[in-house]
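# Structure at a glance
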Amino acid sequence: MKTSTTRIAFVAVFDHVSGAEISLETLILNLDRSKYTPVLFLPKKYDADRFARLEVELYQFSMVPLIISFNPFRLFHFLFLLGFGAWQLARAFRQSRISLVHSNSYQAQLYAGPASIVARIPLVAHLRDRLPRIKALRWLLRQTAKEIIYVSHFIQGQNELGRTGHVIENPVDLPQAPTIPCKLSQILTVAHIGQLVPWKN
């Protein structure tokens, strides 16, 4: 007899590949499919072929990252897109029989948070960056996230949400890491190469 699985909605908002999307792929690849069924919700502009190998259900919507602007027209346009996108998500959650929502970043939380409330589905927020100092965003996280996952103790300490949450570091597949020949001296020099972007402060 085939048992039913827990259907989890994974929501990502960026239309390009970054560390958050790569981490999401790793998470989905390692899910026990006998217990969980992942369902992906991505922006329309995202190249869906990248996730084809994961063999998951995929839905794409009009979603844009957070716009911080003092221009009232730009702000109103973003709020309209946000409201419409969250409504679409909530409707899709119900139709897809989702049991749990996972927002892949605080940007995705803007859509997934309100949608989870409307659909009455518990949500797990995955925080990978320091939050911008926007009180409404922090309020939204407190009100909508049943649980919070931080990618490091630094992010946990910086975001000051009044919630302990859980620290789960991004996985690294060490056997597949490239080996670079080098001459070792008495002084060990370690170089770290990462993506430096303004919103990471």
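In this report, the structure presented in the accompanying data block is examined.

## A look at the pattern of salt bridges
- Scanning the entire structure with this criterion turns up 1 salt bridge.
- The residue Arg7 makes a salt bridge to Glu57 at a minimum N-O spacing of 2.9 Å. Remark: Glu57 occurs in strand 3 (residues 57–61) and Arg7 occurs in strand 1 (residues 6–11); sequence separation between them is 50 residues.
- We classify Arg7 as buried; its relative accessible area is 10%.

## Points about helix 3 (residues 106–119)
- Over its 14 residues, helix 3 extends 19 Å from the first C-alpha to the last, a length consistent with the 20 Å expected when each residue adds 1.5 Å.
- Along its length, helix 3 reaches its greatest deviation from straightness, about 30 degrees, at Ala112, and the proline Pro114 lies no more than four positions downstream.
- Taking burial as the measure, the 14 residues of helix 3 include 11 buried ones, the bulk of the element.
- For helix 3, the elements touching its buried residues are strand 1, helix 2 (72–95), strand 4 (100–103), strand 5 (123–127) and helix 4 (135–144).
- Two residues or fewer past helix 3, Arg120 is found with a positive phi of approximately 60 degrees.

## As for the packing of helix 3 against helix 4
- Between helix 3 and helix 4, whose axes approach to 10 Å, the crossing angle comes to 45 degrees. With respect to helix 4, the element helix 3 is oriented oblique. Classified by chirality, the crossing of helix 4 by helix 3 is left-handed. In this structure, helix 3 uses Tyr106, Gln109, Leu110, Gly113, Pro114, Ser116 and Ile117 to contact helix 4, whose residues at the interface are Leu137, Leu140, Leu141 and Thr144.
- Split by residue class, the contact of helix 3 with helix 4 holds 7 nonpolar, 4 polar and no charged.

## Some remarks on the packing of helix 2 against helix 3
- The interhelical angle for the contact between helix 2 and helix 3, taken along N-to-C directions, is 50 degrees, at an axis separation of 8 Å. With respect to their mutual orientation, helix 2 and helix 3 come out oblique. Crossing handedness for the pair helix 2 and helix 3: right-handed. Residues Phe78, Leu81, Leu82, Gly85, Ala86, Leu89, Ala90, Phe93 and Arg94 of helix 2 pack against Leu110, Tyr111, Ala112, Pro114, Ala115, Ser116, Val118 and Ala119 of helix 3.
- Among the residues forming the contact of helix 2 with helix 3, the class breakdown is 14 nonpolar, 2 polar and 1 charged.

## Some words on the sheet that holds strand 3
- Taken together, 7 strands build an open sheet; the order of strands is 3-2-1-4-5-6-7 and the sheet is parallel. This sheet does not close on itself; its edge strands, each paired only once, are strand 3 and strand 7 (166–167).
- Here strand 2 (residues 36–43) pairs with strand 3 via 5 bridges, running parallel. In the strand pairing of strand 3, Val39 is matched with Glu57.

## Describing a nonpolar patch on the surface
- The grouping of Phe76, Phe80, Phe84 and Trp87 at the surface amounts to a nonpolar patch, some 500 Å² of accessible area in total.
- Residue classification places Phe84 among the partly exposed residues on the basis of a relative accessible area of 39%.

## Description of the nonpolar core
- Among the nonpolar cores identified, the biggest contains 37 residues, and Val11, Phe41, Leu89, Phe93, Val101 and Leu127 are the most heavily contacted of them.
- It is helix 3 that provides the largest number of residues to this core, a total of 7 residues.
- Setting aside anything within four residues of it in sequence, one finds Phe41 in contact with Ala9, Phe10, Val11, Ala12, Tyr59, Phe61, Met63, Leu89, Ala92, Phe93, Ser96 and Ile98.
- Grouped together as the second largest cluster of nonpolar side chains are 11 residues, Ile8, Leu31, Phe51 and Val56 included.

So, how was this worked out
Residues numbered from 1 in each chain as written. Predicted model: local features only at pLDDT ≥ 70, side-chain atom pairs only at ≥ 80, totals over all residues. Heavy atoms only, no water. Salt bridge = Lys/Arg side-chain N within 4 Å of Asp/Glu carboxyl O. Helix = DSSP H or I, 4+ residues; strand = E, 2+ residues; numbered from the N terminus. Buried < 20%, exposed > 50% of the residue type's maximum accessible area, 1.4 Å probe, protein only. Expected span 1.5 Å × (residues − 1). Bend = angle between axes of the 7 residues up to and from the residue. Contact = heavy atoms within 4.5 Å. Axes fitted to C-alpha atoms, helices over the stretch in contact; angles between N-to-C directions. Parallel < 35°, antiparallel > 145°, perpendicular 65-115°, else oblique. Left-handed = near helix turned anticlockwise from the far one by under 90°. Nonpolar A, V, L, I, M, F, W, Y, C, P; charged D, E, K, R; others polar. Pairing = 2+ DSSP bridges. Patch = residues over 30% accessible without salt bridge, like charges linked within 9 Å, V, L, I, M, F, W, Y side chains within 5 Å. Areas by Shrake-Rupley, 256 points an atom, 1.4 Å probe, with all protein chains shown as cover. Core = buried A, V, L, I, M, F, W, Y, C linked by side-chain atoms within 4.5 Å.

Function-wise, these values are silent; they only describe arrangement.
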